[in-house]
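Secondary and tertiary structure notes
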Amino acid sequence: QSIRIQGDNLKSLLLIIRERAMESDLNDYTVIKEGEAEILLHKKNQVFFNKAQVNNRDMSIAVLREFISKRKQEHEAKLSKRNRSASNVVDKDSSQASKEGTPIENGEHQVPSEDPPISASKKPEGVALRGLQPPKVLEALSASGLRALRYARKIEGIGQVVALDNDIASVEACQRNIKFNGSLAISKVESHHTDARVHMLTHPNEFDVVDLDPYGSPSIFLDSAIQSVSDGGLLMCTATDMAVLCGGNGEVCYSKYGSYPLRGKYCHEMALRILLASIESHANRYKRYIVPVLSVQMDFYVRVFVRVYTSASAMKSTPLKLSYVYQCIGCDSFHLQPVGRSLPKNNSVRYLPAIGPVVAQDCYHCGKKYNMGGPIWSAPIHDQEWVTSILNSVKSMNDRYPAYDRIYAELVDVPLFLSLHNLCATLKCISPSAAMFRSAVINANYRISGTHVNPLGMKTDAPMEVIWDIMRCWVKNHPIKAQAPELPGSVILSKEPSHQVDFSRHAGSLSKAQAKKVARFLPNPEKHWGPKLRAGRQITSKHVSLIGHEAVNGHLTQHHEELKEEEEEAVQEDNIQEELDAKRLKTTEDIASTS
């Protein structure tokens, strides 16, 4: 018992020493303020933090607010439906009773029954609906805990926020930051040192919101995250391994996500769709499916927000949402090959393999071969109702969102996009203005829009035959030099256009941002705005492109000073140890001589 008491006292003493050491070393910390949350960040890069992810966190807060609102509306609608159902049951019983009852003195009918009458306050079994609890949020990879703290302090109606990390330094930093943010954060945010995958697997269907924002690929977390999120819950997922997703290492992408990427101008949107297809694949293993509400590519990562539902019958339609991509190696033509198709049969639907191929072995336009990639998510990557609600919410607080005027709509039902500059590069001609090209497409009775992924990208439902006819007519009005006949551009221009093209300016050729002359794709707000080093990694001269010369030089100077101090401390410790050894030796010799 005395040993146990001494052990408890030792732990308390160590805790006090650590707190006092932290207080004395506050000069080693920098206070970072983002929104209403503040964190203490150590200058030695012990815990990962990237300022560039502020847009990611802002967007997540906006979507999470909308999710809480939608969740409440869905709960009220379900409650109303059950109440109406219960009312219909009561009315039906009353009607039956009035027909079968026996008359009494006051002219009413009474149902002959041995059971006591049902009270108006009581409802039939199964009608009562559990009260809606505040949504429980899991941040699977919390690092400093900034995201969890912003959720807790910024979003009204949010429940408990659980922050996990497998790095002890990150957990200590998160717990320190929770205390640093006061009583509200302490009451709502809890931090645990554990493997996120194990925690999610051991807490199935427990969290209404699961947020995955790993350093690199989220692929190893998807299976457990799908099982951890509740039915109808929200899964938010970030992937920063863009080199893999955009075709730099196709075999690695296939091993992680189950899809083969293509290196086209649309590669960043394809990365989004590969991630969605991978999440859907993991969900299908547990009779679940996803509904994307918002999917974006920005800066150096992709971010998707999906609702997760459980339904064995709805899951069968997954092949209709996936497609393979055929990309011509000679020109910019691409075509989608669906994985499956549906066939209505009486009151049911039969699911069958898709009929293909959708293209010949050689490209119809230029005669070159095709590369095949995928499968990718070819269904809409946004939910229009959600996006509209989020935009309305942002509009009501547009003073807090300086980039509001840069928000614009894109065609949600058109996978991938074309690049006008690439089309012109294939033909080796000068480029028409974007407004002129858009007008030609709209005048041909097709839709066209920009894309949030690329300032030069254009999403359209016009087939490639129409696109190339527009370019042929453009080249006729703006002749080019003679090219070698075997080039893809020469083969395309050798064919006569089969459609009449009208380049007259159309009112819908300008987006809202262009009409207001507001820049949509702004330069980075500061230098070295991008990915950062993994926490704990030693900073060297090769990291100049990530953090800049000044930061590298400062870290190297600080590192050299720390090494020098460590060497001096080591020398002092060695001297002390030598003195102790000499004293022990002398004591031993004295004892030996005495004996």
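Described below are features of the structure shown in this document. Quick caveat: nothing in here was measured; it's all calculated off a predicted structure. (Residues numbered from 1 in each chain as written. Predicted model: local features only at pLDDT ≥ 70, side-chain atom pairs only at ≥ 80, totals over all residues. Heavy atoms only, no water.)

**Details of the overall build of the protein chain**
Counting secondary structure elements, the protein chain contains 18 helices and 19 strands. Within the protein chain, the fraction of its 595 residues that count as buried is 42%. Look at the contacts in the protein chain between residues 6 or more apart in sequence, and 68% of them connect residues 24 or more apart. A total of about 33,000 Å² of accessible surface is found on the protein chain, and carbon and sulfur atoms cover 52% of it. (Helix = DSSP H or I, 4+ residues; strand = E, 2+ residues; numbered from the N terminus. Buried < 20%, exposed > 50% of the residue type's maximum accessible area, 1.4 Å probe, protein only. Contact = heavy atoms within 4.5 Å. Areas by Shrake-Rupley, 256 points an atom, 1.4 Å probe, with all protein chains shown as cover.)

**Topic: unusual backbone geometry**
With an omega of 0°, the peptide bond between Gly356 and Pro357 qualifies as cis. Along the chain, Gly374 connects to Pro375 via a cis peptide bond; the corresponding omega equals 0°. Relative to the assigned elements, Pro375 resides in strand β16 (residues 370–377). Unusually for a residue other than glycine, Asn205 sits at a positive phi of about 55°. Its place among the elements puts Asn205 in the loop between α6 (196–201) and β8 (207–212). With relative accessibility at 47%, the residue Asn205 sits in the partly exposed group.

**Structural notes on the environment of His506**
Inspection of the secondary structure assignment puts His506 in the loop between α15 (488–493) and α16 (512–515). Spatially, the C-alpha atom of His506 lies 5.0 Å from that of Ser439, the residues being 67 residues apart in sequence. The contacts of His506, once residues within four sequence positions are left out, are Ser439, Ile442 and Asn443. A polar contact is formed between the side chain of His506 and the backbone nitrogen of Gly508, at a distance of 2.9 Å. (Polar contact = N/O pair within 3.5 Å; in protein donor to acceptor, adjacent residues only side chain to side chain.)

**Comments concerning the environment of Lys70**
Checked against the element boundaries, Lys70 lands in helix α2 (residues 54–100). Taking the relative accessible area as the measure of exposure, Lys70 reaches 7% and is therefore buried. Separated by 319 residues in the primary sequence, Lys70 and Ser389 have C-alpha atoms spaced 9.7 Å apart. Setting aside residues up to four positions removed in sequence, Lys70 forms contacts with Glu385, Trp386 and Ser389. In terms of polar contacts, Lys70 uses its side chain to reach the side chain of Glu385, at 3.0 Å.

**Overview of the sheet that holds β16**
Ordered in space as β13-β12-β16, the 3 strands form an open sheet in which the pairing is antiparallel. Each having just a single partner strand, β13 (334–338) and β16 make up the two edges of the open sheet. Each adjacent strand pair in this sheet contributes to an overall mean axis angle of 25°, direction not counted. Where strand β12 (residues 322–328) lies against β16, 6 bridges are found, and the strand directions are antiparallel. Following the sheet pairing, Cys328 is matched in β16 by Tyr370. Running over the sheet, helix α10 (residues 267–284) touches β12 and β16 and is turned about 55° from β16. (Pairing = 2+ DSSP bridges. Axes fitted to C-alpha atoms, helices over the stretch in contact; angles between N-to-C directions.)

**Details of a negative patch on the surface**
Residues Glu567, Glu568, Glu569, Glu573, Asp574, Glu578 and Glu579 make up a contiguous surface patch of negative charge. Counting through the fold element by element, Glu579 comes out in helix α18 (residues 549–594). (Patch = residues over 30% accessible without salt bridge, like charges linked within 9 Å, V, L, I, M, F, W, Y side chains within 5 Å. Salt bridge = Lys/Arg side-chain N within 4 Å of Asp/Glu carboxyl O. Lys, Arg positive; Asp, Glu negative; His and termini not counted. Charge placed at Lys NZ, Arg CZ, Asp CG, Glu CD.)

**A word on the packing of aromatic side chains**
In the structure shown here, the tally under the stated rule is 5 aromatic pairs. Between Phe300 and Tyr301 the ring centres are 5.2 Å apart and the planes differ by 80°, which places this aromatic pair in the edge-to-face class. Its relative accessible area of 0% is what places Tyr301 among the buried residues. Of note, Lys495 hangs over the ring of Tyr364, and the distance from its end group to the ring centre comes to 4.4 Å. (Phe/Tyr/Trp six-rings, centres within 6.5 Å; stacked < 30°, edge-to-face > 60°. Lys NZ or Arg CZ within 6 Å of the ring centre and 35° of its normal.)

**Describing the pairing of strand β1 (residues 29–34)**
Of the pairings in the sheet, the one linking β1 to strand β2 (residues 37–42) comprises 6 bridges and is antiparallel in character. Within the sheet, the bridge partner assigned to Lys33 lies in β2 and is Glu38. Counted between consecutive antiparallel strands, the loop separating β1 from β2 contains 2 residues, among which Gly35 sits at a positive phi close to 65°.

**What about the sheet that holds strand β9 (residues 229–239)?**
Pairing is mixed in the open sheet, where 7 strands are placed in the order β7-β6-β5-β8-β9-β11-β10. Lying at the two open borders of the sheet, with one neighbouring strand each, are β7 (189–193) and β10 (288–298). For this sheet, the mean angle separating the axes of adjacent strands, direction not counted, is 15°. Against the sheet, helix α4 (residues 168–180) touches β6 (161–165) and β7, its axis set at about 165° to β7. Against the sheet, α10 contacts β9, β10 and β11 (301–310), and its axis sits at roughly 160° relative to β10.

**Brief notes about the packing of helix α9 (residues 250–257) against α10**
At a minimum axis distance of 10 Å, the contact between α9 and α10 shows a crossing angle of 30°. When the interaxial angle is binned, α9 and α10 end up roughly parallel. Every residue of α10 that contacts α9 at Cys253, Lys256 and Tyr257 is listed here: Ile274, Leu275 and Ser278. Considered class by class, the residues forming the contact of α9 with α10 number 4 nonpolar, 1 polar and 1 charged. (Parallel < 35°, antiparallel > 145°, perpendicular 65-115°, else oblique. Nonpolar A, V, L, I, M, F, W, Y, C, P; charged D, E, K, R; others polar.)

**Looking at the side chain of Glu66**
Secondary-structure assignment places Glu66 in helix α2. Buried Glu66, no salt bridge; nearest opposite-charge side chain is Lys70, N-O distance 4.0 Å. Side-chain polar atoms of Glu66 contact the side chain of Ser389, separated by 3.5 Å. Residues in contact with Glu66, not counting those within four places in the same chain, are Trp386, Ser389 and Ile390.

**Remarks on the pattern of salt bridges**
For the structure on display, the rule yields 20 salt bridges. The partner of Asp208 in a salt bridge is Arg71, and the shortest N-O contact between them spans 3.7 Å. Residue Asp208 is found in strand β8, and its partner Arg71 is found in helix α2; the two are separated by 137 residues along the sequence. Residue Asp208 is classed as buried on the basis of its relative accessible area of 13%. Judged by its relative accessible area of 15%, Arg71 falls in the buried class. In this structure, Arg273 and Glu269 form a salt bridge, with 3.0 Å as the shortest nitrogen-oxygen distance. One end of the pair, Arg273, and the other, Glu269, are both in helix α10, 4 residues apart, so they sit about a helical turn from each other.

**A short note on the side chain of Ser295**
Mapping Ser295 onto the fold places it in strand β10. Engagement of the side chain of Ser295 in a polar contact is seen with the backbone oxygen of Ile381, the distance being 2.8 Å. Excluding residues within four positions of it along the chain, Ser295 makes contact with Leu272, Leu276, Arg303, Val304, Ile381, His382 and His452.

**Some points on the nonpolar core**
Within the largest apolar cluster, 81 residues are counted, with the highest numbers of intra-cluster contacts made by Leu212, Ile279 and Phe437. Excluding its chain neighbours within four sequence positions, the residues that come into contact with Leu212 are Ala140, Met200, Phe221, Leu222, Ala225, Leu235, Met236, Cys237, Thr238 and Arg303. Counting 37 residues, the second largest nonpolar core, distinct from the first, contains Ile68, Ile178, Leu234 and Val387. (Core = buried A, V, L, I, M, F, W, Y, C linked by side-chain atoms within 4.5 Å.)

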